[in-house]
Amino acid sequence: MQPKTSRADFEALVRRAGLPLTEAQIADIHGGAWAYMEVMLERVRGQDRDRAAEPMHTFKPEGT
Amino acid sequence: MAPHFTIAEASALIAARKLSPVELTQICIDRTEALQDTLHAFILRTPDRALAEARAAEARVMAGERRGALDGIPIAHKDIYCTAGLATTGHSKLLQDFVPKDDARTVTMLAEAGTVMLGKLATHEFAMGGPSFDLPWPPARNPWNPAYFTSGSSSGTGAGVAAGMFLGGTGSDTGGSIRGPAAFCGIAGIKPTYGLCSRMGILPLSFTLDHAGPMAWTVEDCAMLLQAMAGHDATDLGSANRPVPYFRSDLGKGAKGLRIGVVRNFHETDNRADDAVLKGIDEAIAFYKSEGAEIRDVTLPSLQDFQAAGFIILVTEAYAVHEKWMKSRYNDHGELLRDRLAIGGLMSSADHFQAVRHRRELCAATAAAMADVDILLTTAAPTEAPKIDNIPKWASLAKPGFTMPFNVTGLPAISICSGFGPSGLPISIQLVGHPFQEQTVFRAAHAYEQATEWRKRRPALAQ
């Protein structure tokens, strides 16, 4: 599977994260894993989620 | 070799003064001595300490002061459980010299129950990166055939229990790390309900997905270990403040009247299991039917949906735990851990929160689907174990696992042996209950286990 994110855009993500990856490591994660992650990211966004849908853990002031 | 004992058998013999805890511990030490170089289940062995603890247990027995059913039972801990004064490495170079000042809460609870601690066990690096060959210790190997994978991350516990190096042990489960090794090593392993066992003092991987739990040869043994591990801990913010039931209370009740939902979409469609695993599931269904259980099909959201929410939450939470070292000591991690964890650093906050919103939807859908059943039935792994030297780095992303749904939902789930595949390696079924209904999970699993022959077979190298 090929990722939709270009190599240049992926490198920008890595730089923003501040991770000291080598060229080979970037190529491996981009080419080997990122397409799967794109599918997962699409899936968790869903199609019809209500704007107000809450996350599983929501802040509770007495819960500290 | 010496005979194998379950925890229940050994406990009864110790109580009757027909088996000495010292003798039992020595059997485990001798078996470990014979098998460790092949299986690499242990990172650190503590035989002198174990024998001292066994002698103390024996003295209590002789004085009529036995602490309970686990007094004198040899166990070992996954090496992400902190042990005071004893190295706790997470199977990582980064913590090679870390010696905690305190025990994990569950380590203390098991020690107070009188268990004898034989040492610290191999894991995937920080419970995520494995099987890795570039760490200070080799990965554990499958006792049914050491060329094969144990699954992980509680790999040493799975290998050691199956081989009889100890009678039970601790595992942790963030996406399947108890149930995966239980499945591939042919033992029983339960991931309890989220909040039932304290996580305090266990190296964290993912705060909202991590579960502590026991692994052992039988369902009953898991129930016995869980009895000592469960309970409220005010220092763990996820800990549930509720009474701990007697987990063996329903073991003799059989399967009659249980309502069992078969999650066919998981093992027939979403990630179709191989023929041997499907046959094992069908035979389990036939057993439950014959015992008077009510069987129906239940459809849950797809494994792919659970994988997406679960993995994104896992990898972002895990990255938050490890961010400092990921930036400053990237190459001191093993390749598998660092490259998998790096993905967490590339997610946005919106990505994380969409996953957590999806988690709520998945939990609601699962609760609705389970409304009219007591137990869900599927497998814990779709195949036998693969060869240990042939695990692609990104395999877990390519196909969704069967265990993550119950980390995402926090439900109690057990993996038990359902036979053997064409390579002679164990296969599994997975049984899942409602929150804090571990007794029902144990009841269903024990009924099946008692009706099958699988507990009579041990790995050939451990005979």
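Residues numbered from 1 in each chain as written. Chains lettered and ligands numbered in written order. Predicted model: local features only at pLDDT ≥ 70, side-chain atom pairs only at ≥ 80, totals over all residues. Heavy atoms only, no water.

**Q** Account for the overall build of chain A, with residues named and values stated.
**A** From N to C terminus, chain A includes three helices and zero strands. Shown N-terminal to C-terminal, the secondary structure of chain A runs as helices and strands in the order α-α-α. Over its C-alpha atoms chain A spans a radius of gyration of 17 Å, topping by over 25% the 11 Å that the globule rule assigns to 64 residues. Dimensions of chain A, computed from C-alpha atoms along their principal axes, come out at roughly 45 × 30 × 15 Å. Just so you have it, chain A exposes about 4,300 Å², and 52% of that area is on carbon and sulfur atoms. Separation of charge centres in chain A, based on 9 positive and 10 negative side chains, amounts to 2 Å. (Helix = DSSP H or I, 4+ residues; strand = E, 2+ residues; numbered from the N terminus. Rg over C-alpha atoms; globule rule 2.2 N^0.38 Å. Areas by Shrake-Rupley, 256 points an atom, 1.4 Å probe, with all protein chains shown as cover. Lys, Arg positive; Asp, Glu negative; His and termini not counted. Charge placed at Lys NZ, Arg CZ, Asp CG, Glu CD.)

**Q** Describe the interface of chain A and chain B, naming the residues involved and giving the relevant values.
**A** In this complex, chain A contributes 32 residues to the contact, which on the side of chain B involves 41 residues. Here chain A is connected to chain B by four salt bridges. B:Asp305 is the salt-bridge partner of A:Arg43, the closest N and O atoms lying 3.3 Å from each other. Our count for the chain A to chain B interface comes out at 15 residue pairs in polar contact (both at pLDDT 80 or more). Where the side of chain A that touches chain B is concerned, the elements lending two or more residues are α1 (7-17), α2 (23-32) and α3 (34-45) of chain A. When residues of the side of chain A that touches chain B are assigned to their parent elements, the largest contribution, eight residues, is made by α3(A). Class assignment of the residues belonging to the side of chain A that touches chain B gives a composition of 19 nonpolar, six polar and seven charged. (Contact = heavy atoms within 4.5 Å. Salt bridge = Lys/Arg side-chain N within 4 Å of Asp/Glu carboxyl O. Polar contact = N/O pair within 3.5 Å; in protein donor to acceptor, adjacent residues only side chain to side chain. Nonpolar A, V, L, I, M, F, W, Y, C, P; charged D, E, K, R; others polar.)

**Q** Account for the sheet that holds strand β11 (residues 426-432) of chain B, with residues named and values stated.
**A** Residues and elements named next belong to chain B. An order of β1-β3-β2-β4-β6-β5-β10-β11-β9-β7-β8 is seen for the 11 strands of this open sheet, with the pairing classed as mixed. The two strands at the open ends of the sheet, each matched to only one other strand, are β1 (42-45) and β8 (294-297). Pairs of neighbouring strands in the sheet enclose a mean axial angle of 30 degrees, with direction left out of account. Of the pairings in the sheet, the one linking strand β7 (residues 259-262) to strand β9 (residues 375-378) comprises three bridges and is parallel in character. Residue pairing across strands places Ile260 opposite Ile375, the latter belonging to β9. Contacts from helix α7 (residues 219-229) reach β2 (74-78), β4 (168-173), β5 (188-191), β6 (211-216) and β10 (413-420) within the one sheet, and its direction differs from that of β6 by about 140 degrees. (Pairing = 2+ DSSP bridges. Axes fitted to C-alpha atoms, helices over the stretch in contact; angles between N-to-C directions.)

**Q** I'd like to hear about the packing of aromatic side chains, residue by residue, with values.
**A** Residues and elements named next belong to chain B. Within this structure, the stated rule accounts for 11 aromatic pairs over all chains. Aromatic side chains Phe287 and Tyr448 sit 6.0 Å apart centroid to centroid with 75 degrees between the ring planes, which places their arrangement in the edge-to-face category. Highlighted residues: Phe287 in helix α9 (residues 275-290) and Tyr448 in helix α15 (residues 438-451), separated in sequence by 161 residues. This pair shows no difference in class: Phe287 is buried, exactly as Tyr448 is. The residue whose ring lies beneath Arg458 is Trp217, and the NZ or CZ to ring-centre distance is 3.8 Å. (Phe/Tyr/Trp six-rings, centres within 6.5 Å; stacked < 30°, edge-to-face > 60°. Buried < 20%, exposed > 50% of the residue type's maximum accessible area, 1.4 Å probe, protein only. Lys NZ or Arg CZ within 6 Å of the ring centre and 35° of its normal.)

**Q** Give me the confidence of the model for chain B: which residues, what numbers.
**A** Residues at a pLDDT of 70 or more form 100% of chain B, whose mean pLDDT is 98. Scoring the predicted complex yields pTM 0.98 and, for the interface, ipTM 0.96. (pLDDT = per-residue confidence, 0-100.)

**Q** Please provide a residue-by-residue account of the pairing of β6(B), values included.
**A** Residue and element names in this part refer to chain B. With six of six residues buried, β6 is to be regarded as a mostly interior element. Sheet topology places β4 next to β6; six bridges connect them, and they run antiparallel. Among the inter-strand pairings, Asp173 is bridged to a residue of β6, identified as His211.

**Q** Talk me through the side chain of B:Gln354; I want residue IDs and the actual numbers.
**A** Within the secondary structure, B:Gln354 is located in helix α12 (residues 349-369). Overall, the relative accessible area of 18% leaves B:Gln354 in the buried class.

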